[in-house]
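What follows is each chain in one-letter form.
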Amino acid sequence: MTVTPATGVDFDSPEHQERLADLYRDFDAVGMTPLWRTREGLMPFSPEPRAVPHLWRWTELHPLAARSADLVPVGRGGERRAIGLGNPGLPGDPYATPTLWAAIQYLAPRENAPEHRHSQSAFRFVLEGEGVWTVVDGDPVAMRRGDLLLTPGWRFHGHQNVSDAPMAWLDGLDIPFVATTDQGFFEFGPERVRDASTPDRSRGERLWAHPGLVPVSAAGQPQPSSPLMAYRWAHTDAALAAQLELADEGHPGVLGPGHAAVRFTNPTSGGDALTTMRTEMHRLRAGVRADRGRTTASSVWQVFDGTGTVVLNGAAHPLSHGDVFVAPSWTEVSLRADTDLDLFTFSDAPIVERLHLLRTAT
Ligand code: GTQ
Ligand code: FE2
């Protein structure tokens, strides 16, 4: 018998149990949920993501994206031939994590994806190929192998393949975060067909892509996201190579032994290039193992070059060119390089960091 001293009620009595069942039924009828019945699900001792660690093989993704090009046109309404990678732990939602969208986008030769703008921020990372131009607020930006191209929120953007070869790339957007918080706005852009001639460098690069130099007309005025829409592979590659060379010469700069990494930043603030997503490129020398520990930021990774293994919560997945994997919050991540291994990654770290929620463990 369990009796409360104050009232003398016997909790174990059948009469009490019946009144309790009635109470829970009546709670339910008006949408009341007692915390004492649900605390562990709502307030776990540490994150218990529904999203699971998962890997998609490029050798599966790319042919399927190509098949859709034969069957589905790109145009107004659907807007993009982009195919979202849905986390198996989030059935029904095409989301890689609760905050991040990752998709393969595919443009056949001479195809155009029309201009639009939305509150969601976006980037494109180019695994291979060239020939597509993304036009951001009227500024044409070439997309080539290894480049990171940005489309911060509410900028008009369209893509055009001016070449005779198809092109596929990885899109990252904050679609799930914007959807969950009901922040989404969308507008169609003008139906213009652009002239296919394109300048070698975008206007944003001509103004902002000079190391350590900012235009005085804009100095001291931080902008929320980067005014530079293209981060070129030649620069990323050189920065990673230099870190490893400096380490060989006994100087600091690398993240760990044989592990170089760069973050894509906003030159007006030094912070992340986009407000909601962190973007980085990592390089591990052949034979190197990098234990990344856990972080409450969720992340998506794509193998740019090389082979190796990723261990996610103890499960090993082999890595090859183009493979995409996802590490939800609090997943233990460890990387091993068989050959020299280059990995692109994006995460929701800017969101959780700004809210002082970010936690890490080694
Ligand atoms: O290229 O504008 O993967 O608007 C999802 C939504 C790509 C894009 C996506 C988009 C885009
Ligand atoms: Fe878009």
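Residues numbered from 1 in each chain as written. Chains lettered and ligands numbered in written order. Predicted model: local features only at pLDDT ≥ 70, side-chain atom pairs only at ≥ 80, totals over all residues. Heavy atoms only, no water.

The name that an unreviewed UniProt entry assigns to the chain is Gentisate 1,2-dioxygenase, with the source organism given as Virgisporangium ochraceum.

S.K.: Summarise the pattern of salt bridges; cite the residues concerned and give the values.
M.R.: One pass over the structure, following the stated rule, counts 20 salt bridges. With a closest N to O distance of 2.7 Å, Arg76 and Glu79 form a salt bridge. Classification of Arg76 as partly exposed rests on a relative accessible area of 30%. Glu79 sits in the buried class, given a relative accessible area of 4%. (Salt bridge = Lys/Arg side-chain N within 4 Å of Asp/Glu carboxyl O. Buried < 20%, exposed > 50% of the residue type's maximum accessible area, 1.4 Å probe, protein only.)

S.K.: So what's going on with the packing of aromatic side chains? Which residues, and what values?
M.R.: Here the structure, examined in full by the defined rule, presents 13 aromatic pairs. Members of the aromatic cluster, each reached through a chain of ring pairs, are Phe123, Phe125, Tyr231, Trp233, Phe264, Phe304, Phe344 and Phe346. Here the basic side chain of Arg37 rests over the ring of Tyr24, its NZ or CZ set 3.9 Å away from the ring centre. When the ring centre of Phe45 is taken as origin, the NZ or CZ atom of Arg39, which lies over that ring, is 4.8 Å away. (Phe/Tyr/Trp six-rings, centres within 6.5 Å; stacked < 30°, edge-to-face > 60°. Lys NZ or Arg CZ within 6 Å of the ring centre and 35° of its normal.)

S.K.: Kindly report on the site of ligand 1, identifying the contributing residues and their values.
M.R.: Taken together, Arg80, Ala82, Trp101, Ala103, Gln105, His116, His118, Arg124, His157, His159, Asp171 and Leu173 are the residues near ligand 1. Taking Gln105, its side chain carries an N or O atom lying 3.0 Å from an oxygen atom of ligand 1. Elements with a contribution of two residues or more to the shell around ligand 1: strand E3 (101-107), strand E4 (112-118), strand E9 (157-161) and strand E10 (167-173). Among the elements that take part in the shell around ligand 1, E3 stands out by supplying three residues, more than any other. (Near = heavy atom within 4 Å. Polar contact = N/O pair within 3.5 Å; in protein donor to acceptor, adjacent residues only side chain to side chain. Helix = DSSP H or I, 4+ residues; strand = E, 2+ residues; numbered from the N terminus.)

S.K.: Which residues make up the sheet that holds strand E5 (residues 122-125), and what are the values?
M.R.: Within the open sheet, the six strands sit side by side as E2-E3-E10-E5-E8-E12. Their pairing is antiparallel. The open sheet is flanked by strand E2 (82-84) and strand E12 (230-231), the only strands paired with a single partner. Where E2 and E3 come together, three bridges link them in antiparallel fashion. For Ala82, the partnering residue across the bridge sits in E3 and is Gln105. (Pairing = 2+ DSSP bridges.)

S.K.: Describe the sheet that holds strand E17 (residues 308-312), with residues and values.
M.R.: Across the sheet, five strands lie side by side as E18-E17-E20-E15-E22; this open sheet has antiparallel pairing. The open sheet has two free edges, formed respectively by strand E18 (315-319) and strand E22 (360-361), since each of these has just one partner strand. As judged from the five bridges shared by E17 and strand E20 (residues 333-337), these two strands associate in the antiparallel manner. Bridge pairing in E20 links Val311 to Ser334.

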